[in-house]
Amino acid sequence: LLAGEVGHSGSAEVVVTAPARRSDFGVRVLGETRTYRGAGIRERVLLELPVGRSPPQGAVLALRVQVTAPRGPSAGFDERAWLARRGVHVVLRGGDWRIVDRRGGLGGLSDRLRRHLAHAVAAGVDGERRAVLVGIVLGEDEGLGQELQDNFKASGLYHLLAVSGQNVAFVAGAMIGLAWLLGLPKPVAQCAALAAIAAYVLAVGWQPSVVRAGVAG
C-alpha cells in the first residue's frame, strides 16, 4: 500500500521489529507501520533515521516520515530485491522520534526475553566487551566499532557474531546436562531442552538462520 505514497510524507507510528544497525551515515532498522497519516496500515518497512541513538526492539515510534523507494542495483548489491524478499517495498526516512508504546503479544514476550538475556550475559561489562558477548549470544553487531568488525572478518571469526546451530546446541546441551546433574528423568530433560530452545529462538528473533537452527534442534 505504501508504494503508492512514494514521494509523500506524513506522520506515522512504526513498530521496531529487529535490532537497529548503525553506520557513520545513520541508523537503519526493519519495522512495521501501525498508522500513516492517521490511517491504520500494517506493512513492513525499512526505517532510516539520522545518526544518533538507536530505537530499542519492540518500541512503537511516533515520527514524521518521507516515503521513498528502495535503491536499485549498485556495486553488485540490489537493495530493492533484498528488501522485497523480506516483504519490504518502501523505505521510510524519519527524523526525531519518540517512543509512545511497546508491542504486546508474542512479539512483546520476545522483546522481554531478549532484554533479560542481554543483561544476564553481560552483567557488569560495558563497551565493546559487552558488545562482543551480546553479539555471540544474540547475533547483534550494533555495539561493535568498525575496526573490531574488520578484525573479526580478517581473522575469519565473524561467523561467531551470527546465531547458528552451535548456539542452539549449547542451549540444549546445557539444559540436558543440568537435568542429568539433578537426576531428572530423560523425558523431563528433553522437554526442558525443547523449552529452552523455543525461548532462545523467541529471544533472538525470527531470522531464517535462527528458525532453521531451532527446528534442527
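Rules used throughout
- Residues numbered from 1 in each chain as written.
- Predicted model: local features only at pLDDT ≥ 70, side-chain atom pairs only at ≥ 80, totals over all residues.
- Heavy atoms only, no water.
- Helix = DSSP H or I, 4+ residues; strand = E, 2+ residues; numbered from the N terminus.
- Buried < 20%, exposed > 50% of the residue type's maximum accessible area, 1.4 Å probe, protein only.
- Contact = heavy atoms within 4.5 Å.
- Areas by Shrake-Rupley, 256 points an atom, 1.4 Å probe, with all protein chains shown as cover.
- Lys, Arg positive; Asp, Glu negative; His and termini not counted.
- Charge placed at Lys NZ, Arg CZ, Asp CG, Glu CD.
- Phe/Tyr/Trp six-rings, centres within 6.5 Å; stacked < 30°, edge-to-face > 60°.
- Lys NZ or Arg CZ within 6 Å of the ring centre and 35° of its normal.
- Salt bridge = Lys/Arg side-chain N within 4 Å of Asp/Glu carboxyl O.
- Patch = residues over 30% accessible without salt bridge, like charges linked within 9 Å, V, L, I, M, F, W, Y side chains within 5 Å.
- Core = buried A, V, L, I, M, F, W, Y, C linked by side-chain atoms within 4.5 Å.

A. Layout of the overall build of the protein chain. In terms of helices and strands, the protein chain carries seven helices and eight strands. Expressed as lengths along the three principal axes of its C-alpha atoms, the size of the protein chain is roughly 65 × 40 × 35 Å. Scored against the burial criterion, the 217 residues of the protein chain give a buried share of 36%. In the protein chain, the share of contacts with a sequence separation of at least 24, taken over all contacts with a separation of at least 6, comes to 63%. For the protein chain, the exposed surface amounts to about 12,200 Å²; the carbon and sulfur share of it is 59%. Taken together, the 25 basic and 18 acidic charged side chains of the protein chain have centroids lying 5 Å from each other.

B. Expanded view of the side chain of Arg114. Structurally, Arg114 can be placed in helix α2 (residues 105-121). Taking relative accessible area as the criterion, Arg114 reaches 5% and is therefore assigned buried. Ignoring anything within four residues of it in the chain, the contact list for Arg114 reads Pro19, Gln57, Leu138, Glu140, Ala203, Val204 and Gly205.

C. Spatial organisation of the packing of aromatic side chains. Applying the stated criterion to the full structure yields one aromatic pair. Pairing Phe77 with Trp82 gives two aromatic rings, centres 6.4 Å apart and planes at 55°, and the pair type is tilted. For Phe77, a relative accessible area of 44% translates into the label partly exposed. For the cation-ring pair, Arg53 lies above Trp97, with the distance from its terminal atom to the ring centre recorded as 3.7 Å. We note Lys153 situated over the ring of Tyr158; from NZ or CZ to the ring centre the distance is 5.2 Å.

D. Layout of the environment of Val14. For Val14, the position within the fold is in strand β1 (residues 9-16). Every residue in contact with Val14, bar those within four places of it in the chain, is listed here: Gly31, Glu32, Thr33, Val45, Leu47, Ala59, Val60, Leu61, Leu63 and Leu92.

E. View of the pattern of salt bridges. Counted under the stated rule, the structure contains six salt bridges. It is possible to trace a salt-bridge network through shared partners that takes in Arg28, Glu48, Arg71, Glu79 and Arg93.

F. Region of interest: a nonpolar patch on the surface. Together, Leu106, Leu109, Trp206, Val211 and Val215 make up an exposed nonpolar region whose accessible area comes to about 510 Å². Listing elements by their share of the nonpolar patch, those giving two or more residues are α2 and α7 (208-216). With respect to the helices and strands, the residue Val211 is situated in helix α7.

G. Main features of the nonpolar core. Val14, Tyr36, Leu47, Leu61, Leu63, Val65 and Leu92 are the most contacted members of the largest nonpolar core, which totals 20 residues. Taken together, the elements giving at least two residues each to this core come down to β1, β3 (27-36), β4 (39-49), β5 (59-68) and β8 (91-102). With five residues, β5 is the largest single contributor of residues to this core. Not counting chain neighbours up to four residues away, the residues in contact with Leu47 comprise Val14, Val27, Arg28, Val29, Leu61, Leu63, Val65 and Leu92. By size, the runner-up hydrophobic cluster in this structure holds 16 residues, among which are Val163, Val201, Val210 and Ala213.

No statement about biological role is implied by the geometric values presented.
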